[in-house]
Amino acid sequence: MDKVQNGNYVQVHYEGHLESGQMFDSSRGGQPLEIKVGDGQLIAGFEEALLGMKPEETKKVTLTPEKAYGERDEALERSFERSQMPPGMDPKVGDTVALHTTQGHQVPVKIKAVDEQKVVVDLNHPLAGETLTFDIEVMGVTDNPTQVGCGCGCESHGDDTAPPTDCGGCGTSGGCC
């Protein structure tokens, strides 16, 4: 394959950094992430950056919130009765926990407030409102998948019908990045 196009399977290593320079995610030290370009598995700006790249090519791309996880929406706050929390859970302000959707996906949410009766969570993605910089290296481009599982190397499952197990993001809308 010459260049990445929609419909290709791409194996890619990446490092993601916040504007402060703090790394928030990386595939380095493990198997490359594999995605099918155009399937919406990753944030839009990351997929767009891959288009036209060749194997062994590297690129640094900075994504505004609109091309990443969107702007923060202060209206995305929800209250839950403490009785709806799992037994033994002791929620604390600032904790990130996973909510399960009716489709079986997990969504990370941050606890904003806690009292005796309720827990208030922020449903914005933890990286919403952030400008993100990715160092991307295309490792391979193929017409067919080369990895077993969801493509991030965790091999926990191969579809979106099962909730994620041990990789902390697979199976959710937007994938691992």
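Residues numbered from 1 in each chain as written. Predicted model: local features only at pLDDT ≥ 70, side-chain atom pairs only at ≥ 80, totals over all residues. Heavy atoms only, no water.

Can you walk me through the sheet that holds strand β8 (residues 118–122) in this structure?
Pairing between the strands of a sheet comes from backbone hydrogen bonds, and it takes one of two forms, parallel or antiparallel. On the basis of which strands lie adjacent, the open sheet formed by four strands has the order β5-β8-β7-β6 and antiparallel pairing. A strand with exactly one partner marks an edge of an open sheet, and here the two such strands are β5 (77–81) and β6 (96–100). Between one strand axis and the next, the sheet turns through 45° on average, direction left out of account. Bridge analysis of β5 against β8 gives five bridges, and the strand direction is antiparallel. Among the inter-strand pairings, F80 is bridged to a residue of β8, identified as V119. (Pairing = 2+ DSSP bridges. Helix = DSSP H or I, 4+ residues; strand = E, 2+ residues; numbered from the N terminus. Axes fitted to C-alpha atoms, helices over the stretch in contact; angles between N-to-C directions.)

What is the right way to look at the environment of T62 in this model?
Mapped onto the fold, T62 is located in strand β4 (residues 58–63). Sequence separation between T62 and F46 is 16 residues, and the spatial gap between their C-alpha atoms is 9.3 Å. If near-sequence neighbours (up to four positions away) are discounted, T62 is found in contact with T131, L132 and T133. A distance of 3.1 Å separates the side chain of T62 from the side chain of T133, its partner in a polar contact. (Contact = heavy atoms within 4.5 Å. Polar contact = N/O pair within 3.5 Å; in protein donor to acceptor, adjacent residues only side chain to side chain.)

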